[in-house]
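Next come the chains, spelled out residue by residue.
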Amino acid sequence: MCWISLYCLYVIFFSLFFFRVTKVVAMDCEMVGVGRGGAESILARVSVVNHFGHCLYDKFVQPSEKVTDYRTRVSGIRPQDIEKGT
């Protein structure tokens, strides 16, 4: 077996094992503030990782209300991130 074949087998195994949905997943949601003074929270980003910490889903969400506080220091969300959100 040549080294290219071994490398291909390694890549296939790695992809199938580490980048799949596992029995345990974790979800994180980033929120931004809406309403007067940004007192209410609304979803701006959703991330899901598998047991190995590999990203399965990561999307920005365009809020249905006008954002008054992006909470960038905490959330990392900037105005340009959610402009093209789904």
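Residue positions are given per chain, counting from 1 as you read along its sequence in written order. Where totals are concerned, whole chains, interfaces and linings use all residues; where local detail is concerned, this predicted model gives features only for residues with pLDDT of at least 70, and gives and counts side-chain atom pairs only at 80 or more. The side-chain figures draw on all heavy atoms in the structure; neither hydrogens nor water molecules are used.

Chemist: What am I meant to see in unusual backbone geometry here?
Modeler: Only a minority of non-glycine residues have a phi that is not negative, and only a minority of peptide bonds are not trans. A positive phi angle, near 50 degrees, is found at R71, a position not held by glycine. For R71, the position within the fold is in the loop between β4 (67-69) and α2 (72-75). Exposure classes here rest on a 1.4 Å probe applied to the protein chains alone. A residue is buried below 20% of its type maximum, exposed above 50%, and partly exposed in between. Residue classification places R71 among the partly exposed residues on the basis of a relative accessible area of 23%. Strands here mean DSSP runs of E at least two residues long; helices mean DSSP runs of H or I at least four residues long; both are numbered from the N terminus.

Chemist: For this particular structure, what's the right way to read the pairing of strand β1 (residues 25-34)?
Modeler: Here 10 bridges tie β1 to strand β2 (residues 40-50), and the two strands are oriented antiparallel to one another. By the bridge assignment for β2, E30 is matched with R45. Here, a strand pair is defined by DSSP locating no fewer than two bridges between the strands. Between β1 and β2, which pair antiparallel and follow one another directly, the connecting turn spans five residues, one of which, G35, has a positive phi of 80 degrees. Relative to β4, β1 runs antiparallel, the two sharing two bridges. Looking at the pairing, V34 lines up with V67 of β4.

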